[in-house]
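The primary structure of each chain is shown beneath.
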Amino acid sequence: MILGIECTAHTFGIAVVNNGKILSNVKDMYVPESGGIIPMDSAAHHKNVAEQLYNQALEKAKISESKIEAIALSNAPGLAPCLRAGLEFAKSLAKKLSVKIIPVNHCIAHLEISRSVGAIDPVLLYASGANTQIIAFAAGKYRVFGETLDVGIGNFIDKVARHFGIGFPGGPKIEQHALKGKYVELPYSIKGMDVSFSGMQTKIQQLYDKGESIENLSFSLQETAFAMLVEAAERALAHTGKKELVLGGGVACNSRLQEMCKIMCSERLQKTKFFCPERPLLVDNAAMIAYTGELMIEKDKSLLVSADKIDILPRERTDQVKVTWR
Ligand code: AMP
Ligand code: MG
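Residues numbered from 1 in each chain as written. Chains lettered and ligands numbered in written order. Predicted model: local features only at pLDDT ≥ 70, side-chain atom pairs only at ≥ 80, totals over all residues. Heavy atoms only, no water.

Q: Requested: an account of the site of ligand 1, with residues and values cited.
A: Residues in close proximity to ligand 1 total 15 residues, the closest being Ser-128, Gly-129, Asp-158, Glu-175 and Gly-250. Measuring from an oxygen atom of ligand 1, one finds a backbone N or O atom of Gly-171 at 3.0 Å. Isolated, ligand 1 exposes 510 Å² of accessible area, and the fraction of that covered by the protein chains is 90%. Among the secondary structure elements, those contributing two or more residues to the shell around ligand 1 are α4 (153-164) and α5 (170-178). The leading source of residues in the shell around ligand 1 is α5, at 4 residues. When its residues are assigned to classes, the shell around ligand 1 shows 3 nonpolar, 9 polar and 3 charged. (Near = heavy atom within 4 Å. Polar contact = N/O pair within 3.5 Å; in protein donor to acceptor, adjacent residues only side chain to side chain. Areas by Shrake-Rupley, 256 points an atom, 1.4 Å probe, with all protein chains shown as cover. Helix = DSSP H or I, 4+ residues; strand = E, 2+ residues; numbered from the N terminus. Nonpolar A, V, L, I, M, F, W, Y, C, P; charged D, E, K, R; others polar.)

If you want it as structure tokens, here you go:
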């Protein structure tokens, strides 16, 4: 019985997983009054909601806390104050329950949760607010095959939405406006397998200021930015020879992105299966942390760390993680 804690950015979540089954998965999201995330405020949010979410997660899983055997914590990567809030909560709980902690890399958890929907060894297109990466397991490590060279796709979309004055989070609103739009040309920026969005952002803002419609710009943003991601993901599939693609991150909730991935997979000569977890497992969540923690210690018990030996790693990169559980 593993208790998972997610705390890396705006979401604080707690989940209970047992033998790969998700028994509960609750969360609460910090929403800034205006503008982007203020890390200290998000950390304060996490501290405020932790105890209540913990009780909810136990209740929904119908277990008492004495049943918890280990705590999986997203200790990396993320905003330092948020990670610290999660760590403090995990430490005090670990001491109270006399259990150990499994440190879990948040990005890797987005990939591992795809095993719960049937993928075995996929390429992950991880499209969230701050992160945009194409990750796959190769030669003993989770490697980043492509990534954004500037902002994350979600933050880029949110900035454009802010320029349009349509509020936060921008993604779902841009998706709605895109339904009524037509294509206008935007810079398509892909270098090797890396992508960049800031040129497109400037162009969209210029076109908007000259009177181009929100509908047309939303449609063109999606078509252009998502095509870049799908192109890089396809190259990673071709390079690794893998036959599964999985989506992760909040932007992966977008129906058009899902559709474009599906089309790419179906058009490949090398038959490729497409997986898209349900929304609660796509966005930041604690179930993926608990699920990954369980996978890790099933294979390697030395990944259980005592509470006083664990720290946060705000800048840990996906390929720095020593993988001993595969
Ligand atoms: P995450 O960082 O993974 O929690 O994802 C948050 C990001 O997902 C924000 O930037 C949102 O604007 C974006 N997002 C959420 N829903 C959608 C959607 N339907 N289309 C595009 N982006 C979305
Ligand atoms: Mg995430």
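Q: Describe the side chain of Glu-175, listing the residues and the values that go with them.
A: With respect to the secondary-structure elements, Glu-175 resides in helix α5. Arg-279 provides the closest opposite charge to the buried, salt-bridge-free Glu-175, at an N-O distance of 7.2 Å. When residues no more than four places from it in sequence are discounted, the contact partners of Glu-175 are Gln-222, Cys-253, Asn-254, Ser-255 and Arg-256. (Buried < 20%, exposed > 50% of the residue type's maximum accessible area, 1.4 Å probe, protein only. Lys, Arg positive; Asp, Glu negative; His and termini not counted. Salt bridge = Lys/Arg side-chain N within 4 Å of Asp/Glu carboxyl O. Contact = heavy atoms within 4.5 Å.)

Q: Let's hear about the coordination of the magnesium ion (ligand 2): which residues, and what values?
A: The protein atoms donating to the magnesium ion (ligand 2) are His-106 (NE2), His-110 (NE2), Tyr-126 (OH) and Asp-284 (OD), with metal-donor distances spanning 2.1 to 2.4 Å. One chain supplies every donor for the magnesium ion (ligand 2), spaced along it as H-x3-H-x15-Y-x157-D. Note that His-106 is positioned in helix α3 (residues 106-112) and Asp-284 in the loop between α9 (279-282) and α10 (287-299), a separation of 178 residues in sequence. Taking the relative accessible area as the measure of exposure, His-106 reaches 2% and is therefore buried. (Donors = N, O, S within 2.8 Å, 3.2 Å for Na, K, Ca; no water.)

Q: Describe in detail unusual backbone geometry, supporting the description with residues and values.
A: The peptide bond linking Ala-76 to Pro-77 adopts the cis configuration, its omega dihedral lying at -25°. You can see Pro-77 is positioned in the loop between β4 (70-76) and α2 (80-97). Cis rather than trans, the peptide bond between Phe-168 and Pro-169 has omega equal to -10°. In this structure, Pro-169 sits in the loop between α4 and α5. The backbone phi angle of Asn-19 is positive, close to 50°, even though this residue is not glycine. In this fold, Asn-19 is placed in the loop between β2 (11-18) and β3 (21-29). A positive phi angle, near 55°, is found at Lys-62, a position not held by glycine.

Q: Tell me about the domain arrangement of the protein, and name the residues and values.
A: The figure often quoted for interface size is the accessible area lost as the parts come together. Looking at the assigned domains, one finds that the protein contains domain 1 (2-110 + 281-320) and domain 2 (120-280). Between the C-alpha centres of domain 1 and domain 2 the distance comes to 27 Å. On the domain 2 side, the residues contacting the 17 residues of domain 1 number 23 residues. In total, domain 1 and domain 2 occlude about 1,600 Å² of area from one another, counting both sides; carbon and sulfur atoms represent 63% of this. Linking domain 1 with domain 2 are 1 salt bridge, by the criterion used here. (Domains from an automatic or database assignment. Buried area = accessible area lost by both parts, 1.4 Å probe.)

Q: Explain α2 to me, using residue names and the numbers behind them.
A: With 18 residues, α2 should reach 26 Å at 1.5 Å per residue; the first-to-last C-alpha distance of 25 Å fits that figure. Taken together, the buried residues of α2 touch β1 (2-6), β2, α1 (39-61), β4 and β5 (100-105). Backbone geometry just after α2 places Ser-98 at a positive phi near 55°. (Expected span 1.5 Å × (residues − 1).)

Q: Run through the packing of helix α7 (residues 214-240) against helix α8 (residues 255-267), naming residues and quoting values.
A: To characterise two packed helices, one gives the angle between the axes of the helices and the distance between these axes. For the pair α7 and α8, the least separation of the axes is 10 Å and the interaxial angle reads 35°. Classified by chirality, the crossing of α8 by α7 is right-handed. Two secondary-structure elements touch here, α7 through Gln-222, Glu-223, Phe-226, Ala-227, Val-230, Ala-233, Glu-234 and Leu-237 and α8 through Arg-256, Leu-257, Met-260, Cys-261 and Met-264. Its residues assigned to classes, the contact of α7 with α8 shows 9 nonpolar, 1 polar and 3 charged. (Axes fitted to C-alpha atoms, helices over the stretch in contact; angles between N-to-C directions. Left-handed = near helix turned anticlockwise from the far one by under 90°.)

Q: Outline the sheet that holds β3, listing residues and values.
A: An order of β3-β2-β1-β4-β5 is seen for the 5 strands of this open sheet, with the pairing classed as mixed. Of all strands in the sheet, those with a lone pairing partner are β3 and β5, marking the two edges. Neighbour to neighbour, the strand axes of the sheet diverge by 20° on average, direction disregarded. Bridging between β1 and β2 involves 5 bridges; their strand directions are antiparallel. When the bridges of β2 are listed, Ile-2 appears paired with Val-17. (Pairing = 2+ DSSP bridges.)

Q: Describe in detail the sheet that holds strand β11 (residues 244-248), supporting the description with residues and values.
A: Strand order across the open sheet formed by 5 strands is β8-β7-β6-β11-β12, with mixed pairing between neighbours. In this open sheet, the two edge strands, each paired with only one partner strand, are β8 (141-147) and β12 (273-275). Going across the sheet, the axis of each strand differs from the next one's by a mean of 25°, ignoring polarity. Relative to β11, strand β6 (residues 123-127) is paired through 4 bridges, and the arrangement is parallel. Considered in β11, the bridge of Leu-125 is made with Leu-247.

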